[in-house]
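# Residue-level structure breakdown
What follows is each chain in one-letter form.
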Amino acid sequence: MSQFTETTQVGLFARLKNAIKGIGLGISFIGIAVYFLFWNEGNAVRTARALAEGANQVVSVDHTAIDPQNEDRLLHISGPLALEVPLADVALGVVASAQTVRLERKVEQFAWIEDEQTKTETKLGGGQEKTTRYTYRQDWTDAPASGAEFRVPEGHMNPPMPIASKVIRQPEGTIGAFTVDDEISDLGGSTPMLLDSQQAEDVARALSLEQPAKLVAGQVVFGADVTAPQLGDIRVSYHASEIEKASVVGVQRGDTLVPYTAQNGRKVYLVEEGLKTADEMFQTAVSNNTFKTWMLRIGLMVLLFLGFKALFGVVDVIASILPFLGWITASVTSLISVALTLVVGGTTIAIAWVYFRPVLALLIIAVALAGAAASAYWLRKAAPETPKTP
């Protein structure tokens, strides 16, 4: 392990220049956040309506036979999943089990890794001193940098990787008489696939590296000493996702299930591991839609906050001429940014609700106004009467 420390000085005028540039970036952040907050609500509504439409039309059928009368109808099937050809990593000669829908090859190198840690201190007068510590260590990584982009490349260059990591997916499968597409490869959790001695020999023969190959805990390690790896040593391992049974909702086209197109243009195609009813699958899809909507809301609100915070960057820099005043000002502008984020973000979402769900939005507004009126009435009634002066 080695370290390198670098200290740089950033003057007040340089900070002001960067803060002025940040105003434009902040305006961009605000515009992007507002636009996608509005879009997100519409997207959630369209998806929810498409799912509701599908749930009202879907029919569960026997997966063992295809009924021509169901052509172009939205169907639900569930049953054992059959795969025509086992997945294989052709490059290294590794073949997975018959029920593997996804095979992940992980190639790691014992390489130099750069860790960066920066500490910033504001000085009297508004300038800043930035101290950056670069630490270089060797460890296993599946994404080694070449070393040329390191702050100190000398002595920290990594050799090229002989082969990269890769994910291999099943293109399709069958459930009874029906063919389903490659979305089945997204199912299931990946578990370690331990290689045997024959597979380890195939991997070693395919790579033909200078280092000797050894099978260690189901992984192939290329290195002179597996207990004391050296720079450039390679480790190859696999993870696999195996699926025995699956459930699918899609439109029958011949012997294939394809995505259903709702009246609003949204596509509905549901795939889950195991034997699931149609109701369970649509409930899961609705929950996933709600979760994605909230995650995007939160992410966009954070972006909105960063945009407002950037608008106050010049104020923060000027106030930092006196460090203690800068800290107070930064706290105040952060609170103001939070308030603006809640107001602008909340208003955008409210307008989107009125636009995309007018009936529900008006109902909520009516309930809120009724609650406010009732609260005001009871507060006035509960308040003690002021005695009249003679």
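The text that follows walks through the structure, step by step, so that each part is easy to find. Because the structure is predicted, anything quoted here is derived from the model rather than measured.

### Thoughts on the overall build of the chain
- Helices and strands together make up the secondary structure of the chain, namely six helices and 19 strands.
- Computed over its C-alpha atoms, the radius of gyration of the chain comes to 30 Å, more than 25% above the 21 Å expected for a compact globule of 390 residues.
- Oriented by its inertia axes, the alpha-carbon framework of the chain measures out at about 105 × 70 × 35 Å.
- Of all 390 residues assigned to the chain, the portion counted as buried reaches 36%.
- Here the contacts in the chain between residues at least 6 apart in sequence split such that 70% fall between residues at least 24 apart.
- Only carbon and sulfur atoms are counted for the fraction: they give 62% of the accessible area of the chain, which is about 22,000 Å².

### Considerations on the packing of aromatic side chains
- Inspection of every chain in the model, using the stated rule, returns eight aromatic pairs.
- With 5.7 Å between their ring centres and 55° between their planes, Tyr136 and Phe150 make a pair best called tilted. Linking Tyr136 in strand S7 (residues 128-141) with Phe150 in the loop between S7 and strand S8 (166-169), this pair joins segments that are 14 residues apart in sequence. When sorted by exposure, Tyr136 lands in the same class as Phe150, which is buried.
- Between the aromatic rings of Tyr355 and Phe356, the centroid separation amounts to 4.8 Å while the plane-to-plane angle is 85°, which identifies the pairing as edge-to-face.

### Concerning the pattern of salt bridges
- Taken as a whole and assessed by the stated rule, the structure comprises 13 salt bridges.
- Taking the shortest distance from any N to any O, the salt bridge between Arg102 and Glu104 comes out at 3.0 Å.

### So, the pairing of S7
- In terms of strand pairing, strand S1 (residues 2-10) meets S7 through nine bridges, oriented antiparallel. Across the sheet, Thr8 pairs through a bridge with Lys130, a residue of S7.
- With 14 bridges connecting them, strand S6 (residues 100-122) and S7 associate as antiparallel partners. Across the sheet, Glu114 pairs through a bridge with Tyr136, a residue of S7.

### Focus: the packing of helix H1 (residues 12-57) against helix H3 (residues 278-311)
- The interhelical angle for the contact between H1 and H3, taken along N-to-C directions, is 165°, at an axis separation of 7 Å. By the angle class used here, H1 and H3 are roughly antiparallel. For the pair H1 and H3, the sense of crossing is left-handed.
- Split by residue class, the contact of H1 with H3 holds 27 nonpolar, eight polar and two charged.

### Some points on the packing of H3 against helix H5 (residues 323-356)
- Two elements in contact, H3 and H5, have axes whose closest approach is 8 Å; the angle formed by their N-to-C orientations is 135°. Taken together, the axes of H3 and H5 are oblique relative to one another. For the pair H3 and H5, the crossing hand works out as right-handed.
- Within the contact of H3 with H5, the residues separate by chemical class into eleven nonpolar, six polar and two charged.

### As for the environment of Ala352
- On the secondary structure map, Ala352 appears in helix H5.
- The spacing of Ala352 and Ile336 is 16 residues in sequence and 24 Å in space, taken between C-alpha atoms.

### Observations concerning H5
- Taking 1.5 Å of rise per residue, the 34 residues of H5 would be expected to cover 50 Å, and the 48 Å separating its terminal C-alpha atoms lies within 8% of that figure.
- Buried within H5 are the following residues: Gly326, Thr329, Thr333, Ser337, Thr341, Gly345, Thr348, Ile349, Ala352 and Phe356.

### Here's the deal with the nonpolar core
- By size, the foremost hydrophobic cluster in this structure holds 19 residues, and its most contacted members are Leu92, Leu103, Met193, Val203, Val236 and Tyr238.
- Put simply, the parts of the chain that give this core at least two residues each are S6, helix H2 (197-207), strand S13 (219-222) and strand S14 (234-242).
- At four residues, the largest contribution of residues to this core is made by S14.

### A closer look at the pairing of S13
- Taken together, the four bridges between strand S12 (residues 213-216) and S13 define a ladder with antiparallel strand orientation. Note that in S13 the partner of Leu215 across the bridge is Val220.
- Joining the antiparallel neighbours S12 and S13 is a turn of two residues, in which Ala217 adopts a positive phi near 50°.
- As paired strands, S13 and S14 are joined by three bridges and run antiparallel to one another. Bridge assignment links Val221 to a residue of S14, and that residue is Arg235.

Calculation criteria
- Residues numbered from 1 in each chain as written.
- Predicted model: local features only at pLDDT ≥ 70, side-chain atom pairs only at ≥ 80, totals over all residues.
- Heavy atoms only, no water.
- Helix = DSSP H or I, 4+ residues; strand = E, 2+ residues; numbered from the N terminus.
- Rg over C-alpha atoms; globule rule 2.2 N^0.38 Å.
- Buried < 20%, exposed > 50% of the residue type's maximum accessible area, 1.4 Å probe, protein only.
- Contact = heavy atoms within 4.5 Å.
- Areas by Shrake-Rupley, 256 points an atom, 1.4 Å probe, with all protein chains shown as cover.
- Phe/Tyr/Trp six-rings, centres within 6.5 Å; stacked < 30°, edge-to-face > 60°.
- Salt bridge = Lys/Arg side-chain N within 4 Å of Asp/Glu carboxyl O.
- Pairing = 2+ DSSP bridges.
- Axes fitted to C-alpha atoms, helices over the stretch in contact; angles between N-to-C directions.
- Parallel < 35°, antiparallel > 145°, perpendicular 65-115°, else oblique.
- Left-handed = near helix turned anticlockwise from the far one by under 90°.
- Nonpolar A, V, L, I, M, F, W, Y, C, P; charged D, E, K, R; others polar.
- Expected span 1.5 Å × (residues − 1).
- Core = buried A, V, L, I, M, F, W, Y, C linked by side-chain atoms within 4.5 Å.

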